[in-house]
Amino acid sequence: MAKRKEKDPEAVAVGRRLKLARTMRKMTQEKLAEAADTSVQFLSQLENGEQTMTMIKFGRLATALRVSSDYLLFGRQGINDRAALAAEFMAGLAPIQRELLTQTMLDMGAMLEAVRPENEEYER
């Protein structure tokens, strides 16, 4: 019986972020594969951490998903990337869901501000 090859933890992490970005953008694997000029099978293998990619494919996927390479590789996002993802996510919600989420965020912000020690500023 052949021993199953272990997945590279970094490839698994990149695959998870790739899938998250795709689902946040409400893209199917088919749409992303077409936009990045690759196959659905290859994309599925990437998302499952079973495959790695060339820099060319990496660039095409990041461009098609409108995310930074830092996000795909390391999970780091710039403020504009986060804001864009949040805005797109909220745009896909029903109006009542958007209102509830907005109110929840405002309430959380007020609670955080209320417990912030004096003379301490949050890093933005």
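The rules behind the values
- Residues numbered from 1 in each chain as written.
- Predicted model: local features only at pLDDT ≥ 70, side-chain atom pairs only at ≥ 80, totals over all residues.
- Heavy atoms only, no water.
- Core = buried A, V, L, I, M, F, W, Y, C linked by side-chain atoms within 4.5 Å.
- Buried < 20%, exposed > 50% of the residue type's maximum accessible area, 1.4 Å probe, protein only.
- Helix = DSSP H or I, 4+ residues; strand = E, 2+ residues; numbered from the N terminus.
- Contact = heavy atoms within 4.5 Å.
- Arc of directions from axis to C-beta.
- Salt bridge = Lys/Arg side-chain N within 4 Å of Asp/Glu carboxyl O.

*Asks:* Describe the nonpolar core, and please don't skip the residues or the numbers.
*Replies:* The nonpolar side chains of a soluble globular protein tend to be buried with one another. Membership of the largest hydrophobic core comes to 17 residues, with the highest contact counts inside it found for L18, L32, L43, L61, L65, V67 and L72. Of all elements in the fold, only α1 (9–24), α2 (29–35), α3 (40–47), α4 (55–65) and α5 (69–74) reach the threshold of two or more residues within this core. The greatest single-element share of this core, amounting to five residues, is contributed by α4. For L61, the residues in contact, after removing those within four places along its chain, are L18, L32, A36, L43, L46 and M53.

*Asks:* Can you tell me about α3, naming the residues and giving the values?
*Replies:* What α3 keeps buried is the set F42, L43, L46 and E47. Taken down its axis, α3 places every buried residue within 135° of arc, on the same side. Elements that come into contact with the buried residues of α3 comprise α1, α2 and α4.

*Asks:* I'd like a rundown of the pattern of salt bridges, residues and numbers included.
*Replies:* Between side chains of opposite charge, a pair can form as their charged atoms come close. Under the definition given, this model contains four salt bridges. Linking K7 and E50 is a salt bridge whose minimum nitrogen-to-oxygen distance equals 4.0 Å. Of the two residues, K7 sits in the segment before α1 while E50 sits in the loop between α3 and α4, which places them 43 residues apart along the sequence. Since its relative accessible area comes to 42%, K7 is described here as partly exposed.

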